[in-house]
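Okay, here's what each chain looks like letter by letter:
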Amino acid sequence: MADPTGSTTSTAPTSHDDAPVILRAQNLTKHYPIKGGVLRRTVGHVRALEDVSFDLRAGETLGVVGESGCGKSTLGRMLMRLEEPTGGRLEFDGVDLYSLGRREMRRKRRDIQIVFQDPYTSLNPRKTVADLIGEPFDVHPDAVPRAGRRRRVQELMELVGLSPEHINRYPHQFSGGQRQRIGIARGIALNPKILVCDEPVSALDVSVQAQVINVMERLQRELGLAYVFIAHDLSVVRHIADRVAVMYLGRIVELGTEDEIYERPTHPYTRALLSAVPVPDPLARGTRQEIKLQGDVPSPANPPSGCRFHTRCWLARDVCSTDEPQLVERNDGRGEHRSACHFTEESVSGRTTP
Amino acid sequence: MTTSMDSRADRPRPGETDRLLEVKDLHVEFHSREGVAHAINGVDLHLDRGETLAVLGESGSGKSVTAQAIMGILDMPPAVIPRGQILFQGRDLLTMKPRERRAVRGAEIAMIFQDALSSLNPVFPVGWQIAEMFRQHRGLNRSDAKAQAIRLMELVNIPAAKERVNAYPHQFSGGMRQRIMIAMAVALDPKVLIADEPTTALDVTVQAQVMDLLKELQAQFHMGLILITHDLGVVADIADRINVMYGGSIMESADVRDLYAHPGHPYTQGLLDSIPRLDMKGQELYAIKGLPPSLMRMPSGCPFHPRCAHAQDVCRSEFPPRVELGPRHESACHFAQEVVRG
């Protein structure tokens, strides 16, 4: 594996169009059984993820946004194969990860690592930073020779902006932001190609959040990492992502570049989601066009028929409750902007707000 | 229906002033074996009828402790209030008899919390829990209290309130539960409503609905609203005035437009600058260096000085005085004038 410090250091953060696809998800589906009754029989399924497909290119950041129950965290765990799929393929390096045996999977997992949301519960309180960041080396002893591990952990600490002298400290001696840096250092310890980040900054205060985002962006430039950045905070995702997938009840409803999603959204849900975000500018009060959705997100155990958004959509007609719209390309640019709506044209024209 | 709620909603009665609440030089400490945590160090704030005051701060800033002290729900001990006054319509809540204080709590000053699921009792129907307010405080009988509960559930837009009055908290979604909490809070027509991070646990589309409901109810009942939050977006949307807290002190206080346009404290400036903005795409975010202070080991002088780019010797030794920067605009910074000029 390439030396992390000396490899790809592109300073232009934008276009990854020419970069090779390193991860291809095809029709990923995950249903969790619901057990009920005395015999614990399966009485139904939570449809957490349904037919999710996308490509991830080397060095890019794919943002995944959506509300609770939309399947974004399940997706993150599926990319690590922490969950077995109900259906679909996940192609990495030309092989389907779900077809691999345990040992081969363990070897591949070196290239795909994950950072979790909660820096307070994802670190074992009884282990020192040296143990925590060095833990991946126990699983992959060939990654770094035993004698060089401590040195390597200190390098990693420096990389994420922690003081290497604190190597013998315990997690409770660090603040939330520092703990998340420990989580990130552990995530990059094996020089992965892909880092899946599940709400990495959601638990942090605003002033500390900016520090951690800056660290993540620097690491991406220096190490050429690809990020799958799962978050509910739309402004953070806009800042960090090259492309964005918007999810609703287990499906991707819109996928496009950051600009396409935020400036030219075509799906009514994307528009509603964006307009619901409070703008930190009191002068914008009352001036922006707000789309107020009614009700809550329906239960993924019993998703609505047809288009899953139709129960809350102001454009919905009969066809929406019977036919599932496909994720199709929108003709507004390079042809990679896709959304799943029967009435995209009306939605885009902007005249039809509730 | 002529309950107190409808009759008193509009204007102050004779003899009542607009000033509902005045907190003066409030100090709160938490005593433990490890030492004394100075959670609040001399907070002054005030609230008028119909006004929305946002208390903005990060974790450990003292914003929630301030709210709990006003509401009178701090656990004492470990909490100690060595100094200060909390005047509600001129009467000091801190020197009241427990009985009088109980009559104020819930009926005159009500509060809603971040986590509606753990604030509701899971083993009683929601309607019963709302009705309890009327049985306890107003002495209504069961059927009248239940009718009031249904009216309140309709007021906060719970669909099919009549049918759902006997449902349990787990049968409602997160947004609905927060609406039920709001219904309980406004049940007795309080003059002051304190909302502690009311939408933090909710999804963004639901958050918008709940904030709208709060705004509506506040206007309808002419309540004073204290919104405790860390979200600069929510504040910009709803507040009239903002108090920015840091390390247990109010760093800056201003009308909302003034604060966003001309922040007069380096901490406020830093917060506003660290929001990801469109025109900053691809650039490093501004980040306030360092970490918030430990309440056990508060820095000397200005609590923000270890993280402040403007810090001089005086900041390390002396707590800054409040500098008036304009009408209703104060900043606790030795260099407030320079900061506000940019």
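Fair warning: this is a prediction, and the values are worked out from it, not measured in the lab.

Draft legend 1. Here's a closer look at the domain arrangement of chain B. Residues and elements named next belong to chain B. Assigned domains within chain B: domain 1 (4-11 + 18-239) and domain 2 (248-256 + 265-341). Computed from C-alpha coordinates alone, the two centres of domain 1 and domain 2 are separated by 29 Å. Taken together, the 20 residues of domain 1 in the interface contact 13 residues of domain 2. Summed over both sides, the interface between domain 1 and domain 2 buries roughly 1,300 Å², with carbon and sulfur atoms accounting for 61% of that surface. In this structure, the connection of domain 1 to domain 2 is made through 1 salt bridge. Taking the shortest distance from any N to any O, the salt bridge between arginine 322 and aspartate 44 comes out at 3.1 Å. Applying the counting rule to domain 1 against domain 2 returns 5 residue pairs in polar contact (both at pLDDT 80 or more). Contributions of two or more residues to the side of domain 1 that touches domain 2 are made by strand S2 (35-48) and helix H10 (232-238). Looking at the side of domain 1 that touches domain 2, the element that brings in the most residues is S2, giving 10 residues. Its residues placed into classes, the side of domain 1 that touches domain 2 shows 11 nonpolar, 6 polar and 3 charged.

Draft legend 2. Seen up close, the interface of chain A and chain B. Taken together, the 39 residues of chain A in the interface contact 43 residues of chain B. When the two sides are added together, the surface that chain A and chain B hide from each other amounts to roughly 3,400 Å², 54% of it contributed by carbon and sulfur. If you look at where chain A meets chain B, you find 1 salt bridge. Among the ionic pairs, B:Asp212 bridges to A:Lys292, the shortest N-O distance being 2.6 Å. On the surface where chain A and chain B come into contact, there are 13 residue pairs in polar contact (both at pLDDT 80 or more). Listing elements by their share of the side of chain A that touches chain B, those giving two or more residues are helix H6 (206-223), helix H7 (234-240), helix H8 (258-263) and helix H9 (268-276) of chain A. If you tally residues by element for the side of chain A that touches chain B, the top one is H6(A), at 8 residues. Its residues assigned to classes, the side of chain A that touches chain B comprises 17 nonpolar, 10 polar and 12 charged.

Draft legend 3. Geometry of the side chain of A:Ser339. Its place among the elements puts A:Ser339 in strand S12 (residues 338-339). Setting aside residues no more than four positions away along its own chain, A:Ser339 makes contact with A:Val253, A:Glu254, A:Thr266, A:His267, A:Gln326, A:Leu327, A:Val328, A:Arg330 and A:Thr344.

Draft legend 4. H9(A), seen in detail. Most of H9(A) sits out of view: 8 of its 9 residues are buried. Along H9(A), the positions that sit buried rather than exposed are A:Pro268, A:Tyr269, A:Thr270, A:Arg271, A:Ala272, A:Leu273, A:Ser275 and A:Ala276.

Draft legend 5. Region of interest: the nonpolar core. Residue and element names in this part refer to chain A. Of all hydrophobic cores here, the largest spans 63 residues; its most connected members are Ile188 and Leu219. A total of 7 residues in this core trace back to one element, the largest contributor, which is H6. Beyond its immediate stretch of four places on either side in the chain, isoleucine 188 contacts Arg152, Leu156, Leu159, Val160, Leu195, Leu219, Leu223 and Leu225.

Draft legend 6. Quick peek at unusual backbone geometry. At the junction of B:Met76 and B:Pro77, the peptide bond is cis and its omega measures out at -10° in the coordinates. Mapping B:Pro77 onto the fold places it in the loop between helix H2 (63-71) and strand S4 (79-88). Here the bond from B:Pro77 into B:Pro78 is cis, since omega is 10°, no more than 30 degrees from zero. Unlike most non-glycine residues, A:Glu199 shows phi in positive territory, near 50°. If you trace the backbone, A:Glu199 turns up in the loop between strand S7 (194-198) and H6. According to the relative accessible area criterion, A:Glu199 is buried, its value standing at 6%.

Draft legend 7. Summary view of the pairing of strand S1 (residues 21-36) of chain A. All names here are of chain A. Of the strand pairs in this sheet, S1 and strand S2 (residues 41-57) are connected by 12 bridges, and their pairing is antiparallel. Of the residues in S2, the one forming a bridge with arginine 24 is aspartate 55. Taking the residues between adjacent antiparallel strands as the criterion, S1 and S2 are bridged by 4 residues, where glycine 37 takes a positive phi near 75°. Bridging between S1 and strand S4 (residues 87-92) involves 5 bridges; their strand directions are antiparallel. Note on S4: the bridge partner recorded for glutamine 26 is arginine 89.

Rules and cut-offs
- Residues numbered from 1 in each chain as written.
- Chains lettered and ligands numbered in written order.
- Predicted model: local features only at pLDDT ≥ 70, side-chain atom pairs only at ≥ 80, totals over all residues.
- Heavy atoms only, no water.
- Domains from an automatic or database assignment.
- Contact = heavy atoms within 4.5 Å.
- Buried area = accessible area lost by both parts, 1.4 Å probe.
- Salt bridge = Lys/Arg side-chain N within 4 Å of Asp/Glu carboxyl O.
- Polar contact = N/O pair within 3.5 Å; in protein donor to acceptor, adjacent residues only side chain to side chain.
- Helix = DSSP H or I, 4+ residues; strand = E, 2+ residues; numbered from the N terminus.
- Nonpolar A, V, L, I, M, F, W, Y, C, P; charged D, E, K, R; others polar.
- Buried < 20%, exposed > 50% of the residue type's maximum accessible area, 1.4 Å probe, protein only.
- Core = buried A, V, L, I, M, F, W, Y, C linked by side-chain atoms within 4.5 Å.
- Pairing = 2+ DSSP bridges.

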